[in-house]
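Fold and contact review
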Amino acid sequence: MLPPDDKLTLCFAHVAYRFAERYTQRGGKLAHFEVRSLEELEARIGEADVLLVSGMWRNHLAARAPRLKFIQSISAGVDQYDKDVLRGAGIRLASAQGANANAVSEHAMSLILAVTRRLAEARDNQQKRHWRGMIGDLTQREDELGGKTLLVVGIGRIGGRLARLAKAFDMKVVGLRQDPAKGSEGADEVHGMGELHAQLPRADIVALTCALTPETRGLMGSTEFAAMKPGATLVNVARGAVCDEAALVSALASGQVGQAALDVTAEEPLAGASPLWAMPNVFITPHTGGETRAYEGNVLDLLEANLPRLRAGEALVNQVV
Ligand code: GLV
């Protein structure tokens, strides 16, 4: 199990977050170091008993980490970790579920508003010093959200908060989750994920907020895009791989999917050659949905809750392995 506090070393591995600074400011007493690149992590992971990491994780690192007992994921999603590799190496894992729930739900709501109010186009026009006239074509005009139906695919912490935000805009909210008995999280209705095909045609906006799992990989393909209301909006703040991206590009090109607001893409960073960049009906943010100035503190709260649980052999907060 974990060594005593005076022998325990934390490693904070993230390209940008200021964990070491925040940990010290909060009065954290454990020995720690911070790495900013995979190369540095590869070189120093052998020194760590506990690792905080998200996108920098690679499964080959487990074999280089003889002391490592626990990964407190910085990300809510844990699709990057091979759970069998971790189990085999005796490394426990907890997700950061909840740490970014406010940020991602607010980002999803911002994307919905941006698309509905055509903010991206306004900014493009601003750069051209172009004062756009009013629009007669109803398919192109700004719209309002009241009375529109939002389908939240994967209604957990993030999707639930999005549902509550959308209710404040007088939307009708339908949620889908693996186990609808877990509750509606503020949506007007909740159904099992198996209802996806039945619910897609009702939605003016489909928001993907689910985790990437074997069940949700490729969940939205050509059949699902064809089942959407013609011209409806897709918002993806989940993972790019939840969509078949080639099918999405075709559906956007034909107008079957009217517009997409994407915070995530199948490959990140999105390749320069991707057709998504130049599509007029696509609004892209670079996987910044979870960014918040509160992030480090939210994850350190989880770490501090989990260390005593690890020692006591109790279930972890957001336990995965
Ligand atoms: C962000 O995508 C996360 O999983 O936290």
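Every value quoted in this text rests on a predicted model; they were computed, and no experiment measured them. All residue numbers refer to position in the chain's written sequence, counted from 1. Selection of residues for local features in this predicted model requires a pLDDT of at least 70, selection of side-chain atom pairs for listing and counting requires 80 or more, and totals for whole chains, interfaces and linings are taken over all residues. Hydrogen atoms and water are omitted, and side-chain values are computed over all heavy atoms in the structure.

Before going further, it helps to spend a moment on the nonpolar core. Only buried residues count toward a nonpolar core, which is a set of Ala, Val, Leu, Ile, Met, Phe, Trp, Tyr and Cys residues joined through side-chain atoms within 4.5 Å. Partly exposed describes any residue whose relative accessible area lies between the buried limit of under 20% and the exposed limit of over 50%, with all areas from a 1.4 Å probe on protein chains only and scaled to the type maximum. If you look at the biggest cluster of nonpolar residues, it comprises 34 residues, and the most contacted ones within it are Phe225 and Leu234. Tallying contributions element by element places helix H9 (residues 245-254) first for this core, with 5 residues. When near neighbours in sequence (up to four residues on either side) are disregarded, Leu234 contacts Val206, Leu208, Met220, Phe225, Met228, Cys243, Leu248, Val257, Gln259, Ala260, Ala261 and Leu262. In this structure, Leu10, Tyr17, Leu302 and Leu316 belong to the second largest nonpolar core, which totals 24 residues. Comment: elements are numbered from the N terminus, with helices defined as DSSP H or I runs of at least four residues and strands as E runs of at least two. Throughout, a residue-residue contact means that at least one pair of heavy atoms, one from each residue, lies within 4.5 Å.

Bringing the pairing of strand E9 (residues 205-208) into the picture now. Across the two faces of E9 the burial is the same, with Ile205 and Ala207 and Val206 and Leu208 all buried. Only strands that DSSP links by at least two bridges are regarded as paired with each other. Sheet topology places strand E6 (residues 149-153) next to E9; 4 bridges connect them, and they run parallel. Its bridge partner being in E9, Val153 is matched across the sheet by Leu208. Two elements, E9 and strand E10 (residues 232-236), share 4 bridges in a ladder whose sense is parallel.

Taken domain by domain, the chain holds domain 1 (5-98 + 292-312) and domain 2 (101-284). Using only C-alpha atoms to locate each centre, domain 1 and domain 2 end up separated by 32 Å. Contact residues are listed per partner, giving 5 residues for domain 1 and 5 residues for domain 2. Around 480 Å² of area is buried between domain 1 and domain 2 when both sides are counted, 50% of it from carbon and sulfur atoms. Buried area: the sum, over both parts, of the accessible surface (1.4 Å probe) that disappears when the two are put together. For the domain 1 face of the interface with domain 2, the top three residues by lost area are Asp79, Gln97 and Gly98, together amounting to 74%. Here a polar contact is recorded for every N or O atom pair within 3.5 Å, except that within protein the pair must consist of a potential hydrogen donor and a potential acceptor, and residues adjacent in sequence are included only if both atoms are side-chain atoms. Connecting domain 1 to domain 2 are 2 residue pairs in polar contact (both at pLDDT 80 or more). Lys, Arg, Asp and Glu make up the charged group, whereas Ala, Val, Leu, Ile, Met, Phe, Trp, Tyr, Cys and Pro make up the nonpolar group; the residues left over, Gly among them, are polar. Of the residues belonging to the side of domain 1 that touches domain 2, the class tally is no nonpolar, 4 polar and 1 charged. Reported domain spans reflect what an automatic or database domain assignment gives.

We define a salt bridge as a side-chain nitrogen of Lys or Arg found within 4 Å of a carboxyl oxygen belonging to Asp or Glu. Summed over all chains, the structure comprises 20 salt bridges. With its nearest N and O atoms 3.1 Å apart, the salt bridge here joins Glu21 to Arg18. For Arg18, a relative accessible area of 47% translates into the label partly exposed. The salt bridge partner of Lys172 is Glu189, with a shortest N-O separation of 3.3 Å. Of this pair, Lys172 sits in strand E7 (residues 172-177) while Glu189 sits in strand E8 (residues 189-192), placing them 17 residues apart in sequence. Judged by its relative accessible area of 30%, Lys172 is partly exposed. Members of the salt-bridge network, linked through shared partners, are Arg118, Glu121, Arg132 and Glu142.

It is worth spelling out the site of the ligand at this point. For each residue, the test is whether any non-hydrogen atom lies within 4 Å of the molecule or strand; if one does, the residue is near. Around the ligand, the neighbouring residues are Ser75, Ala76, Gly77, Asn100, Arg239, His287 and Tyr295. Within the backbone of Gly77, one N or O atom sits 2.7 Å away from an oxygen atom of the ligand. Contact between the ligand and Arg239: an oxygen atom at 2.7 Å from a side-chain N or O atom of the residue.

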